[in-house]
Structures are given as structure tokens and as C-alpha cells.
Amino acid sequence: GESVGLHLPTLSVQEGDNSIINCAYSNSASDYFIWYKQESGKGPQFIIDIRSNMDKRQGQRVTVLLNKTVKHLSLQIAATQPGDSAVYFCAEGGSQGGKLIFGQGTELSVKP
Amino acid sequence: GAGVSQSPSNKVTEKGKDVELRCDPISGHTALYWYRQSLGQGLEFLIYFQGNSAPDKSGLPSDRFSAERTGGSVSTLTIQRTQQEDSAVYLCASSPRVYTGELFFGEGSRLTVL
């Protein structure tokens, strides 16, 4: 079936460095793509989204890039901080009704 | 301003028992979603509601699973005759409308079936 997956299950970075988390998706009919952050024991928290007619969107310390040619999504976190340590999920929506389809997640570990 | 509230936060039950999980969405949110998350895994879609109707219940794993929403607010997910493979965290989320990427999640109900 359709899926949204991640290239790397874990990512370890030094505090202050930039982080890049990648995601591959398979459904070219998706209307929007989203990144969520999930801290241990908590529910996922919305970070940023991007519509399919865009290729870049910036937020506070985060940038999402969308490459529809190769069906690739990435989340860039600038000046990574210990509080950024969490599991990050990509998700896609709009291709299968109102639900979001989530990928498997990447665990980001920030070393002080 | 309360967020999405789920209860119980933890539930331990014996195989074969029925369980009910409750979700109180953010007031005024039309859409309500249920997802399941197994240990170290991603989120598996179960069902979503628009108002009291469920346009998509395709993710419910079997007929032992059911969900309802009343008054456009509270939702209950019921699992009958629980099995060990039902053990997971059940997450509820709400949003002001459907077809949006921004869902507001609760902290989940952790279900353990012995």
C-alpha cells in the first residue's frame, strides 16, 4: 500500500550543529506534507507543513524542503539544541480523504 | 485552554476483557482522529470523525474495534475481547476541520493486555 518512510532511524548531532531529517514518500497525489515532533511519553506535536505546490517553507529554526521529482521531504533544524531531542515523524495528507499517513520516525539525539 | 484529554492514561487488562478509551477533544474542533502506536513504531491510523460521522474507519484492525462520537465532542474507542497484540498507545487528536495537516494530539492511553 501507500507509505511514507524515513531514510534513517536514528540521528545523533552535536549541540549547535544543523540537523537534517529525511523522508521518502510514495503517493504523488498527496496535497500536503507535515513534520511532527514526539517527545518521550507525549503525543506528537505539529512543527511545520508544506503544500504540494511549494518546494520550501521556513519556520522558526526549521525549514522544510519538498522535492516532488524524487518524492523526498526533509526537515532542517538550525542550531540544534538539547530540547530538540525527540522522534520526528513525517506525514502526508490529502490523498486518502481527511486522514494523515505517518512514516516510521527518526530519533534525533543532541549531544551537549 | 485545555488541550486534548485522554483517559485512562494507563490501562492494564487481561486477555479477553473489553476496554473503553475516552477522548475529550479541544472545544469546537470538528474533526477527531484515533491512531495507534506500538512500541518504537509510527502512528497507525484507525478512524476519524467529522462531527459525529465517521467518513473513514478503514484503519480499524478487526470487528473487535469500534468507536463512536457523541454531541460532536467526546469520543470512545472500544476494544472487545482484547488480545495481546492490542497492546499499544492509543492516541487521539482533534483539529478545527478535516483536510488539515495540523492535528492536536493528546498524550495517549497506554493499553497493556496480559
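Below or above, wherever it landed, is the structure these notes cover. Just so we're clear, the structure is a prediction, and the values are computed from it rather than from any experiment. (Residues numbered from 1 in each chain as written. Chains lettered and ligands numbered in written order. Predicted model: local features only at pLDDT ≥ 70, side-chain atom pairs only at ≥ 80, totals over all residues. Heavy atoms only, no water.)

1. Digging into the interface of chain B and chain A
Interfaces are often sized by the amount of accessible area the parts lose when they come together.
In step 1: Each partner contributes residues to the interface: chain B has 20 residues there, and chain A has 18 residues.
In step 2: Summed over both sides, the interface of chain B with chain A buries roughly 1,500 Å², with 55% coming from carbon and sulfur.
In step 3: Contact with chain A buries surface across chain B, with Leu43, Tyr99 and Gly101 of chain B losing the most and accounting together for 30% of the total.
In step 4: For the pair chain B and chain A, the number of links is 1 salt bridge.
In step 5: One salt bridge in this structure joins Lys99 of chain A and Asp56 of chain B, with 3.4 Å as the shortest N-O distance.
In step 6: For the pair chain B and chain A, the interface holds 9 residue pairs in polar contact (both at pLDDT 80 or more).
In step 7: Of all the secondary structure elements, the ones that give two or more residues to the side of chain B that touches chain A are strand S4 (31-37) and strand S5 (43-50) of chain B.
In step 8: Split by residue class, the side of chain B that touches chain A holds 10 nonpolar, 7 polar and 3 charged. (Contact = heavy atoms within 4.5 Å. Buried area = accessible area lost by both parts, 1.4 Å probe. Salt bridge = Lys/Arg side-chain N within 4 Å of Asp/Glu carboxyl O. Polar contact = N/O pair within 3.5 Å; in protein donor to acceptor, adjacent residues only side chain to side chain. Helix = DSSP H or I, 4+ residues; strand = E, 2+ residues; numbered from the N terminus. Nonpolar A, V, L, I, M, F, W, Y, C, P; charged D, E, K, R; others polar.)

2. Section: the state of the cysteines
In step 1: Inspection of every chain in the model, using the stated rule, returns 2 disulfides over all chains.
In step 2: A sulfur-sulfur separation of 1.9 Å characterises the disulfide bridge that pairs Cys23 of chain A with Cys90 of chain A. Looking down the S-S bond of the Cys23 of chain A and Cys90 of chain A bridge, the torsion is 60°, so its handedness is right-handed. Pair noted here: Cys23 of chain A is in strand S3 (residues 19-25) and Cys90 of chain A is in strand S9 (residues 86-93), with a separation of 67 residues, a long-range link.
In step 3: Residue Cys90 of chain A is classed as buried on the basis of its relative accessible area of 0%.
In step 4: Covalently, Cys23 of chain B is tied to Cys92 of chain B through a disulfide, its sulfur atoms 1.9 Å apart. One disulfide, between Cys23 of chain B and Cys92 of chain B, carries an S-S torsion of -70° and so falls in the left-handed class. One end of the pair, Cys23 of chain B, is in strand S3 (residues 19-24); the other, Cys92 of chain B, is in strand S9 (residues 88-95), with 69 residues separating them in the sequence. You'll find Cys23 of chain B and Cys92 of chain B in the same group, each marked buried. (Disulfide = S-S within 2.5 Å. Buried < 20%, exposed > 50% of the residue type's maximum accessible area, 1.4 Å probe, protein only.)

3. Comments concerning the layout of surface pockets
In step 1: Approximately 630 Å³ is the volume attributed to the largest pocket.
In step 2: Around the largest pocket, the lining comprises 32 residues; the ones closest to its centre are Gln38 and Gly41 of chain A together with Gln37, Val89 and Arg110 of chain B.
In step 3: Among the elements that line the lining of the largest pocket, the one with the most residues is strand S11 (residues 109-113) of chain B, at 4 residues.
In step 4: In terms of residue class, the lining of the largest pocket is made up of 9 nonpolar, 18 polar and 5 charged.
In step 5: In this structure, the second largest pocket occupies an estimated 280 Å³ of space. (1 Å grid on protein atoms, 1.4 Å probe; cavity = no way out; pocket = protein on both sides within 12 Å on 5 of 7 lines; lining within 4 Å. Points joined across faces, edges and corners; volume = space filled by probe spheres on them.)

4. Quick notes on unusual backbone geometry
Residues and elements named next belong to chain B.
In step 1: Following Ser7, the chain continues to Pro8 via a peptide bond in cis, the omega torsion being -10°.
In step 2: For Tyr99, which is not glycine, the phi torsion reads 60° and is therefore positive.
In step 3: Mapped onto the fold, Tyr99 is located in the loop between S9 and strand S10 (104-105).

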